[in-house]
Amino acid sequence: GYFESPYSSVQNRKFAIYFYGQVQANANGYDAMLQGGLFNRSSIYTIASNNIERVTADSKIGLVIRYGSLYLEYFRAHQTRAFKTGEPHAWGGVLIGVGF
């Protein structure tokens, strides 16, 4: 993108634009939200242990436009399925903010 180093003590540029990407892998040993609590195994609203996806991934890409202390960001996030019969998820958003 078009930006200055965040580690520089002098910021001369008022305008910046850049893309970013983030990928994360997760190893799930126990998911209390899907498998029930550690001590409550009697709920009918649980998923069997053999149906849980033990390795999942998250990713996020985005575009940031900054002018002075104002910024506008558009992002898109993706998440793989958490259990075998589940579906992957995707969402996005727009952020407007002020840095100080």
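Rules and cut-offs
- Residues numbered from 1 in each chain as written.
- Predicted model: local features only at pLDDT ≥ 70, side-chain atom pairs only at ≥ 80, totals over all residues.
- Heavy atoms only, no water.
- Helix = DSSP H or I, 4+ residues; strand = E, 2+ residues; numbered from the N terminus.
- Buried < 20%, exposed > 50% of the residue type's maximum accessible area, 1.4 Å probe, protein only.
- Areas by Shrake-Rupley, 256 points an atom, 1.4 Å probe, with all protein chains shown as cover.
- Pairing = 2+ DSSP bridges.
- Salt bridge = Lys/Arg side-chain N within 4 Å of Asp/Glu carboxyl O.

Trainee: Would you mind showing me how to read the overall build of the protein chain here?
Mentor: Looking only at helices and strands, the protein chain has one helix and four strands in total. Going from the N terminus to the C terminus, the protein chain shows its helices and strands as β-α-β-β-β. Across the 100 residues of the protein chain, 17% fall into the buried class. Put simply, the protein chain shows about 7,700 Å² of open surface, and 61% of that area lies on carbon and sulfur atoms.

Trainee: Got a minute to help me understand the pairing of strand 2 (residues 55-67) in this structure?
Mentor: On a regular strand, each side chain points to the face opposite its neighbour's, so the side chains alternate between the two faces of the sheet. Here 13 bridges tie strand 1 (residues 15-27) to strand 2, and the two strands are oriented antiparallel to one another. Each residue of the ladder has a partner; that of Ala25, found in strand 2, is Ala57. Across ten bridges, strand 2 lies against strand 3 (residues 70-79) in antiparallel orientation. Each bridged residue has a counterpart across the sheet, and for Gly62 the counterpart in strand 3 is Phe75. Between strand 2 and strand 3, which pair antiparallel in sequence order, lie two residues; one of them, Gly68, sits at a positive phi of approximately 65°.

Trainee: Would you take a moment to explain the pattern of salt bridges for this structure?
Mentor: Oppositely charged side chains are able to pair whenever their charged atoms sit close together. In the structure shown here, the tally under the stated rule is one salt bridge. Across the pair Arg81 and Glu53 runs a salt bridge, and its minimum N-O distance is 3.3 Å. Of the two residues, Arg81 sits in the loop between strand 3 and strand 4 (89-98) while Glu53 sits in the loop between helix 1 (32-35) and strand 2, which places them 28 residues apart along the sequence.

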